[in-house]
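Report on the structure
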Amino acid sequence: MASSSGGKLWDKSEPLDALIERFTVGDDYRLDSALVAADCVASLAHATMLAAIDVLTPGDLEELRGGLLAALEQAEAGTFVIERADEDGHTALERFLTRHTAAGARIHTGRSRNDQVMAALRVYGRDALAALQGLVLDLVDALLGFAAEHEWCSMPGRTHTQIAMPSTLGLWAAAFAEELLDDLALLDTCYRLTNRSPLGSAAGYGAPLPLDREQVAALLGCDGPVHNVLAAANSRGKLEAVTLDALDQVALSLSRLAQDLILFSLPELGYVTLPVELCTGSSIMPHKRNPDGLELVRARAATVSGLAGAVKGIVRNLPSGYHRDLQETKRPYLQALETVAGQLKVMRLTVDRLQVREEALARALTPELFATDGAFALVQGGMAFRDAYRAAAGAGVAGSAPERGDLHTEAAASARRTGAGAVGEGPERDDLRADAEQAMALRTSTGTAGNLDLPGCRRRSAVERRRVDGAAARVGAALVRLAGRPVQVCRSAWLAPREGPGA
Ligand code: ARG
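Residues numbered from 1 in each chain as written. Predicted model: local features only at pLDDT ≥ 70, side-chain atom pairs only at ≥ 80, totals over all residues. Heavy atoms only, no water.

Looking now at the overall build of the protein chain. If you tally the helices and strands in the protein chain, you get 17 helices and six strands. Against the globule reference of 23 Å for 503 residues, the protein chain gives a C-alpha radius of gyration of 29 Å, more extended than a compact globule. In terms of overall dimensions, the protein chain has a C-alpha envelope of 95 × 50 × 40 Å along the principal axes. The buried share among the 503 residues of the protein chain stands at 49%. A separation of at least 24 residues holds for 76% of the contacts in the protein chain among residues at least 6 apart in sequence. Only carbon and sulfur atoms are counted for the fraction: they give 54% of the accessible area of the protein chain, which is about 22,500 Å². (Helix = DSSP H or I, 4+ residues; strand = E, 2+ residues; numbered from the N terminus. Rg over C-alpha atoms; globule rule 2.2 N^0.38 Å. Buried < 20%, exposed > 50% of the residue type's maximum accessible area, 1.4 Å probe, protein only. Contact = heavy atoms within 4.5 Å. Areas by Shrake-Rupley, 256 points an atom, 1.4 Å probe, with all protein chains shown as cover.)

Next up, the structure:
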């Protein structure tokens with residue numbers, strides 16, 4: 001069945017098969033409702049620049065400004081309508097402008113939908129990336145606060161999930177803070193790549209007009225234009241892929257944090273308890289309190305990774321220039337930004353509310369935890385490490401209680417540097433706790449438990465916070481100059497700072 005291509009920007013009164021229309025539009029028109037405000041902002045900058053180079057008259061610009069600000073208001077309120085027949089939000093915006101103003105027919109001068117889509121995605125993406133960086137820092141600060149509170153709380157460090165060496169809850173929490181600060185560097189790179197303007201690249205080959213690409217970039221609060229017009233066109237999908245790879249790393253960190261907490265809160269370990277309001281119940285087992293939030297943080301890390309793979313798969317085999325394939329990168333991009341924001345909010349809430357059970361952590365300290373420290377005590381006495389390792393292993397493998405006690409005695413002796421073990425028949429809990437504390441005291445290297453430099457970590461976080469807030473403020477000020485008022489580019493409640501679901 002043929003329908004008409006009427007209403008499309010490329011309509012030349014030729015028929016379009018209805019199935020092809022449904023298939024090619026997909027749900028792009030629905031996804032675009034997230035991008036309309038960003039498109040209004042980018043269109044305002046484009047029109048302002050066209051007037052500055054005398055392609056539009058001051059009267060045209062005034063009309064277009066009025067139309068675009070009216071559309072922006074609707075977009076911010078979530079009432080701007082995009083029909084499937086529009087094909088996408090960019091068409092709907094032009095239709096809105098032509099319906100309300102005579103100058104509407106001039107807005108597309110010197111641009112293609114390709115640079116229009118990219119500009120909208122970049123204006124949206126930089127806002128989302130600024131919000132995400134703020135959420136990462138919120139979680140970093142929560143972890144550093146938790147680390148400070150439990151800096152000296154001993155616990156078993158594990159490898160292979162098995163008991164390994166004495167550690168602290170502070171070391172554990174501060175490790176995730178540092179990992180997330182590293183992830184933040186990736187998001188910052190994405191932000192800086194995103195905050196450049198593709199406008200004026202048109203379909204990837206520029207336009208025979210004296211388009212002032214620097215001016216339009218400055219109006220948008222971008223750091224500058226993407227220089228090469230074909231590089232600008234080719235950045236569609238590639239920039240999304242880079243961003244999703246960075247989000248994949250954030251989600252990976254969060255997944256491990258969630259997985260640790262799922263383990264730590266097992267009744268058999270009971271190192272921490274999740275408060276009841278963070279748990280969901282079972283429909284059949286009345287006693288259940290399940291860590292579904294943490295489980296979904298873990299599962300959605302796999303989803304985000306899949307979305308990153310999907311975008312790279314789409315882009316990888318495309319020749320230069322625009323291809324409709326690129327439309328297919330929009331959903332994964334928007335979805336991953338929201339998903340990771342949700343994960344960050346859930347993890348921050350969880351860290352804020354975690355209840356630590358110090359007695360369970362003390363109970364978890366066992367003599368074999370000190371086997372390696374025992375070997376190092378022998379090394380301090382001059383023995384070669386491999387011999388000391390075998391000696392400590394020899395004390396441990398037989399596994400009988402007294403021998404395990406000997407092993408512990410070794411470590412305790414090393415910790416106290418007195419040679420006197422306090423365990424006698426079998427180590428007492430308090431002794432083990434004291435031994436763990438002294439084992440910490442023997443660790444003097446940078447970054448070990450007891451040498452976490454939490455104030456230094458907090459300073460690093462504060463520097464990052466100032467950078468993120470400063471960049472957002474510069475963009476916000478540019479948009480106030482452009483639109484005459486503050487603009488809400490991104491309506492997603494998940495991406496809203498500290499507000500919305502999960503805040
Ligand atoms: N909805 C399309 C997209 O997101 C808009 C761009 C269409 N451009 C084109 N040359 N057909 O990719």
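Right, picking up where we left off after that structure.
Next up on the list: the side chain of Asp60. With respect to the helices, strands and loops of the structure, Asp60 is situated in helix α4 (residues 58-77). The residues contacting Asp60, other than those within four sequence positions of it, are Ala103 and Arg106.

For the ligand, the full set of nearby residues is Asp28, Asp88, Arg113, Asn114, Val117, Arg236, Tyr322, Gln327 and Lys330. One of the side-chain N or O atoms of Asn114 is found 3.2 Å from a nitrogen atom in the ligand. A distance of 3.0 Å separates a nitrogen atom of the ligand from a polar side-chain atom of Gln327. About the coverage of the ligand: the protein hides 85% of its 340 Å² of free accessible area. Sort the elements by how many residues they give to the shell around the ligand and helix α6 (residues 113-149) lands first, with three residues. Residues belonging to the shell around the ligand are distributed by class as follows: two nonpolar, two polar and five charged. (Near = heavy atom within 4 Å. Polar contact = N/O pair within 3.5 Å; in protein donor to acceptor, adjacent residues only side chain to side chain. Nonpolar A, V, L, I, M, F, W, Y, C, P; charged D, E, K, R; others polar.)

So, on to the pattern of salt bridges. Tallied over the entire structure, the rule returns 23 salt bridges. Between Asp28 and Lys330 there is a salt bridge, and its shortest N-O distance comes to 2.9 Å. Of this pair, Asp28 sits in helix α2 (residues 28-31) while Lys330 sits in helix α11 (residues 330-353), placing them 302 residues apart in sequence. Residue class for Lys330 comes out buried when judged on its relative accessible area of 2%. One salt-bridge network, in which partners are shared between bridges, spans Asp138, Asp141, Arg348, Asp352 and Arg465. (Salt bridge = Lys/Arg side-chain N within 4 Å of Asp/Glu carboxyl O.)

Okay, unusual backbone geometry next. Phi is positive for His160, which is not a glycine, with a value near 55°. Mapped onto the secondary structure, His160 falls in the loop between β3 (154-159) and β4 (162-168). Unusually for a residue other than glycine, Ala202 sits at a positive phi of about 55°. Inspection of the secondary structure puts Ala202 in the loop between α7 (169-194) and α8 (213-219). You can call Ala202 buried: its relative accessible area is 7%.

This next bit is on helix α16 (residues 429-441). For α16, built from 13 residues, the straight-helix expectation of 18 Å at 1.5 Å per residue is met to within 8% by its first-to-last C-alpha distance of 19 Å. If you check which residues of α16 are buried, you get Asp431, Leu432, Asp435, Ala436, Ala439 and Met440. (Expected span 1.5 Å × (residues − 1).)

Moving on to the packing of α6 against α7. The contact between α6 and α7 brings their axes to 9 Å, and the two run at 165°. In terms of orientation, α6 and α7 fall into the roughly antiparallel class. Handedness of the crossing formed by α6 with α7: left-handed. Per-class residue counts for the contact of α6 with α7 are 23 nonpolar, four polar and three charged. (Axes fitted to C-alpha atoms, helices over the stretch in contact; angles between N-to-C directions. Parallel < 35°, antiparallel > 145°, perpendicular 65-115°, else oblique. Left-handed = near helix turned anticlockwise from the far one by under 90°.)

Tallying each qualifying case throughout the model produces seven aromatic pairs. Seen in terms of ring centroids, Phe146 and Trp172 are 6.2 Å apart; in terms of plane orientation they differ by 70°. Their pairing is edge-to-face. In this pair, Phe146 is assigned in helix α6 and Trp172 in helix α7, connecting sequence segments 26 residues apart. Arranged with centres 5.4 Å apart and planes meeting at 45°, the rings of Phe264 and Tyr271 form a pair that is tilted. Each member of the pair, Phe264 as well as Tyr271, carries the same accessibility label: buried. Taken together, the ring pairs connect Phe146, Trp172, Phe176, Phe264 and Tyr271 into an aromatic cluster. (Phe/Tyr/Trp six-rings, centres within 6.5 Å; stacked < 30°, edge-to-face > 60°.)

For the rest of this paragraph, the subject is the side chain of Asp39. If you trace the backbone, Asp39 turns up in helix α3 (residues 36-52). Arg111 is the oppositely charged side chain nearest to the buried, salt-bridge-free Asp39, at an N-O distance of 4.6 Å. For Asp39, the side chain forms a polar contact with the side chain of His90, separated by 2.8 Å. Among residues more than four places away in sequence, those in contact with Asp39 are Gly89, His90, Leu93, Gln116 and Ala120. (Lys, Arg positive; Asp, Glu negative; His and termini not counted.)

Two elements, β3 and β4, share six bridges in a ladder whose sense is antiparallel. By the bridge assignment, Thr159 is partnered in β4 with Gln162. As consecutive antiparallel partners, β3 and β4 are separated by two residues, and within that stretch His160 has a phi angle of approximately 55°, a positive value. (Pairing = 2+ DSSP bridges.)

Per the counting criterion, the structure on display carries zero disulfides. No disulfide involves Cys190; its nearest neighbouring cysteine sulfur is the one of Cys222, lying 15 Å away. Taking the relative accessible area as the measure of exposure, Cys190 reaches 2% and is therefore buried. Cys490 carries a free sulfur, and the closest cysteine sulfur to it, the one in Cys40, is 15 Å from it. Assessed through its relative accessible area of 13%, Cys490 is described here as buried. (Disulfide = S-S within 2.5 Å.)

Here we take up the packing of α3 against helix α5 (residues 89-100). Their axes nearest at 10 Å, the elements α3 and α5 cross at an angle of 60°. When the axes of α3 and α5 are compared, the pair comes out oblique. Handedness of the crossing formed by α3 with α5: right-handed. Residue-level inspection shows Asp39, Cys40 and Ser43 of α3 in contact with α5, the latter providing Gly89, His90 and Leu93.

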